[in-house]
Amino acid sequence: MSEGTWEKLSQVAVQGAEHDSGERRPHPKCLEGTRVVLLNYIYGLLDTKKEESRLIWLHGTAGVGKSAVAFTVAERMRGLMMTEETKREKRLAGTFFFSRKYTKRRTTGYFFATLAYQLAINFPSVKTHVDKAIRENPALLHPDKALRDQMEALFLRPLRQLKFRLQECPPLTFVVDALDECTPESFDQSTSDSFYEDKSESELTELISLLAQALRDPDLPVTHILITSRSKAHIYEAMQSEDVHPLVCEIPVKIFGKGVAATISLDGADVDEDIYLYLEHSFRKLRSRCSGFPQPTKGQLEQLAIRAGRRFIVASTMMKFIDDRHNDPRDRLQLMLELTSELLPGTEVYKLYDRILSTCADPKRAYMHLSVVAALVDPLPVSQISKLLGPGEGRDVETALAQLRSILDIPTDSSLPVNIYHSSVRDYVSHHSNCSLPQVQCLTSPHSLLALSSLQSMVRDIQESTALLNSLSELNRLSQAMGPQDPQSLTRSLSFIVQPPEPIQALITLLWLRGNRGLELHFWLETLDGCAWLQTEGAKDWVRTQGGQEWLGTQGGRGVARDPGRARVARDPGRARVSTRVAADPGWARVAADPGWARVAADPGGASVAAYPGQASAAADPGQASAAADPRRPTMAGNSVRARAVGDAWAAHPE
């Protein structure tokens, strides 16, 4: 393979999706002596030498240990060689661990490129075939390339070259974890956007169908693929489809021996004992570090194991709470025994999170900050979360999150981002109804909070009279193409501004000036700036249009027409002073000197609005909230009525 092609492939391949990547630390794995029956059953399926490839589907609810099983199986397969003679070619051909927390691990766009990269490392002989495919069609490495084309060129073609050489060898193994974590970046469980939900389900269905098609290829060596996921209806339907089902070995599975039927699953009766062993092992480790810590009694261990409800994530969270390295573990053990004394089967995860929040000094603030961490598409360090939220909502972020170390990964290096330990935390905060604490029921959604915080960061610290103008000036500096127009038209167009604009107010004003005069923004006409604009020549022309006449017939339009006090805004001497002061301000002069900005007034579609002081972007989708690594560059979205209206309007007039 040429050096240039290999370098391109290595850059596209998602290193963090490999089972043992540093991005996935700490790696969840099965403790020795646990999951014995389940693991042996999977190993038996993977070791079979029948001339038949399999799709092994291990599924279960959140927190039952699917990823730990996937990692343990991958590690075992990596330790097995294809032949006794080789020291390089391993049975583990490739892994991809999906995750909603990372952009490139939540899509199928990089799936086959990542597997091709790992396959070429394990089997150097296929490098030339991968190289040829990429040189013939470089677009294969683009995430938007058709998934079928990527599979054919980057997956099937290299594997076909191995059939003859591996025909006497044990089967190859691929491990794909958390398939349900493959979701479009704009889709969030707290929204009901059927478009993104359908897109997510369609993407997964296509991937499952293509993998089944690959395993049916007669020119491939025997290959097994282990897939783990939650028990989602659309995944189940895909696995049961006519072309996929014959290849599927599903777990849970009923087995029969000596006339007795038993079920092998992630949450079977044997899991209580496995969790007991896990807790016993974890407390031994704690005692080795804290010599004064007494080993819990058998009764206490049994209570914790039973209350975990056969979910390893609950047992793991219990141990993180007890051993948080910032409190006396003896006190934390007693508190955990009290907190879990009333947990009921089926409510373990969310109820445990409730109880952990209840131990915080301010549960409401802790929940709010936890929901923000879970909502961010790209995680941020504590300091940047605090800066993004501002002096109000961002107060005490570090203190609040520090009390949630049992469910949040907070690095000792403050420059590193904060992450949730498990996706069940994101599910927990996706809707207030999942939390039983009354004080959180009236909280603003994290997406609305991020939207408002992002907008506020746009105009923070800008002087009153030049707030909007400096924002526009900064936008002009970043703009690539602005047409020359009469510079005075900008001054005339914006001279109606009465008061220093708040973030959303500024955005709505700009939308209106760009020509978006839809019903969703008519409420702006009842504001001071809206009433002042109605006195301009441009407004008088608009009122004569069909849209203007329709507005005059609404309750708001009639109210403005009846209220002479509102009309006085335009004639108010104070407003005149503001206009005079603004016109004389150097900020106006700077903008007026740049003819490009006249396009704002002359061309309703010609102005892009971003954020001051420079590199912030506002997302049109109210359901999507993400912040880039620099708090001055947040991606904005929100669910409030006006933020949603602004988002929809912005989507309709993006440029």
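Just so it is clear, the model here is predicted, and its values are computed rather than measured.

Conventions we followed
Residues numbered from 1 in each chain as written. Predicted model: local features only at pLDDT ≥ 70, side-chain atom pairs only at ≥ 80, totals over all residues. Heavy atoms only, no water. Helix = DSSP H or I, 4+ residues; strand = E, 2+ residues; numbered from the N terminus. Buried < 20%, exposed > 50% of the residue type's maximum accessible area, 1.4 Å probe, protein only. Arc of directions from axis to C-beta. Contact = heavy atoms within 4.5 Å. Phe/Tyr/Trp six-rings, centres within 6.5 Å; stacked < 30°, edge-to-face > 60°. Salt bridge = Lys/Arg side-chain N within 4 Å of Asp/Glu carboxyl O. Axes fitted to C-alpha atoms, helices over the stretch in contact; angles between N-to-C directions. Parallel < 35°, antiparallel > 145°, perpendicular 65-115°, else oblique. Left-handed = near helix turned anticlockwise from the far one by under 90°. Nonpolar A, V, L, I, M, F, W, Y, C, P; charged D, E, K, R; others polar. Pairing = 2+ DSSP bridges. Polar contact = N/O pair within 3.5 Å; in protein donor to acceptor, adjacent residues only side chain to side chain. pLDDT = per-residue confidence, 0-100. Core = buried A, V, L, I, M, F, W, Y, C linked by side-chain atoms within 4.5 Å.

### Details of the overall build of the chain
- Helix and strand content of the chain: 30 helices and 12 strands.
- Buried positions account for 53% of the 655 residues belonging to the chain.

### Describing helix α1 (residues 3-12)
- All buried positions along α1 are accounted for by T5, W6, L9 and V12. Considered in projection along α1, the buried side chains sweep an arc of 130° and stay on one side of the axis. Facing away from the buried surface of α1 by more than 90 degrees, the exposed residues are E3 and Q11.
- At its buried positions, α1 is contacted by α4 (111-122) and α5 (127-136).

### Details of the packing of aromatic side chains
- Enumeration over the complete set of coordinates arrives at 19 aromatic pairs.
- On the basis of an interplanar angle of 25° and a centroid distance of 4.9 Å, the ring pair of W6 and Y117 is categorised as stacked. Placement of the pair is W6 in helix α1 and Y117 in helix α4, with a sequence separation of 111 residues. Across this residue pair, the class does not change: W6 and Y117 are buried.

### Concerning the pattern of salt bridges
- For the coordinates displayed, the defined rule picks out 22 salt bridges.
- Across the pair R105 and E23 runs a salt bridge whose closest N-O atoms are separated by 2.9 Å. Here R105 is found in the loop between β2 (92-97) and α4, whereas its partner E23 is found in the loop between α1 and α2 (36-47), with 82 residues between them in sequence.
- Between R330 and D328 there is a salt bridge whose closest N-O contact spans 3.2 Å.
- We classify D328 as partly exposed; its relative accessible area is 28%.
- Connected via shared salt-bridge partners are R100, D180, E181, R230 and D427.

### Let's talk about unusual backbone geometry
- The omega torsion across R25 and P26 is -5°, close enough to zero to call that bond cis.
- By secondary structure assignment, the location of P26 is in the loop between α1 and α2.
- With an omega of 25°, the peptide bond running from I251 to P252 counts as cis.
- Mapped onto the elements, P252 comes out in the loop between β5 (248-251) and β6 (253-257).
- The phi angle at R35 is positive, at roughly 60°, despite the residue not being glycine.
- Of note, the phi angle at R310 is positive, near 65°, even though the residue is not glycine.
- Here R310 is to be found in the loop between α10 (298-307) and α11 (312-322).

### A short note on the packing of α1 against α4
- Relative to each other, α1 and α4 sit at 125°, their axes nearing to 8 Å. When the axes of α1 and α4 are compared, the pair comes out oblique. Crossing angle aside, the handedness with which α1 passes α4 is left-handed. Packed against α1, whose contacting residues are W6, L9, S10 and V12, the element α4 presents A113, Y117, A120 and I121 at the interface.
- Of the residues that constitute the contact of α1 with α4, the class distribution is 7 nonpolar, 1 polar and no charged.

### Digging into the sheet that holds strand β3 (residues 172-177)
- An order of β2-β3-β4-β1-β5 is seen for the 5 strands of this open sheet, with the pairing classed as parallel. Single-partner strands in this sheet number two, and they are β2 and β5. Between one strand axis and the next, the sheet turns by 15° as a mean value, whatever way the strands run.
- Bridge count between β3 and strand β4 (residues 223-230): 5 bridges; the pairing is parallel. Across the sheet, the residue bridging to F174 is I225, located in β4.

### A short note on the side chain of H522
- The topology assignment puts H522 in the loop between α21 (503-513) and α22 (528-533).
- Separated by 3.1 Å, the side chain of H522 and the backbone oxygen of R517 make a polar contact.
- Residue contacts for H522: discarding those within four places in its chain leaves W512, R517, W542, G547 and W551.

### Details of the side chain of S265
- In this structure, S265 sits in the loop between β7 (260-264) and α9 (271-289).
- Side-chain polar atoms of S265 contact the side chain of D267, separated by 3.3 Å.
- A polar contact of 3.1 Å, which involves the side chain of S265, links it to the backbone nitrogen of G268.
- When neighbours within four sequence positions are excluded, S265 is seen to be in contact with R35, L38, I251 and P252.

### Some remarks on the pairing of β4
- The buried fraction of β4 amounts to 8 of the 8 residues, a majority that puts the element mostly inside the structure.
- Covered by surrounding structure in β4 are T223, I225, I227 and S229 together with H224, L226, T228 and R230, the residues of both alternating faces.
- The pairing of strand β1 (residues 54-60) with β4 spans 7 bridges and is classified as parallel. Residue I56 lies in a different strand from β4, and its bridge partner there is L226.

### Some words on the pairing of β3
- Summarising burial for β3: 6 of the 6 residues are buried, a large majority.
- Burial of the side chains of β3 extends over both faces: L172, F174 and V176 are buried on one face and T173, V175 and D177 on the other.
- Note that β2 and β3 share 5 bridges and pair parallel. Looking at β3, one finds that L92 is bridged to T173.

### A few points about the packing of α4 against helix α6 (residues 147-160)
- Here α4 crosses α6 at 15°, and the two axes come no closer than 9 Å. Taken as axis vectors, α4 and α6 run roughly parallel relative to one another. Helix-helix and strand crossings are classified by hand; for α4 and α6 the assignment is left-handed. Across the interface between the two elements, F112, A113, L115, A116 and L119 from α4 touch L147, Q150, M151, L154, F155, P158 and L159 from α6.
- Each residue belonging to the contact of α4 with α6 can be placed in one class, and the counts come to 11 nonpolar, 1 polar and no charged.

### Digging into the environment of T223
- Considering the arrangement of structural elements, one finds T223 in strand β4.
- For T223, a relative accessible area of 1% translates into the label buried.
- Residues T223 and L55, 168 residues apart in the sequence, show an inter-C-alpha distance of 8.9 Å.
- If sequence neighbours within four positions are ignored, T223 has contacts with S53, R54, L172, F174 and L215.
- At 2.9 Å, the side chain of T223 forms a polar contact with the backbone oxygen of P221.

### Side note on the confidence of the model for the chain
- In the predicted model, the chain carries a mean pLDDT of 78, and the fraction of residues at 70 or more is 74%.
- Below a pLDDT of 50 lies the segment residues 478-488, which in the model reaches 19 contacts outside its immediate sequence neighbourhood of four places, other chains included.

### Describing the nonpolar core
- The biggest cluster of nonpolar side chains holds 61 residues, and the ones touching the most others in it are L55, F98, F111, F155, I227 and M239.
- Beyond its immediate sequence surroundings of up to four residues, M239 is in contact with L55, W57, I208, I227, V244, H245 and V248.
- By size, the runner-up hydrophobic cluster in this structure holds 60 residues, among which are Y276, L301, M318 and L333.

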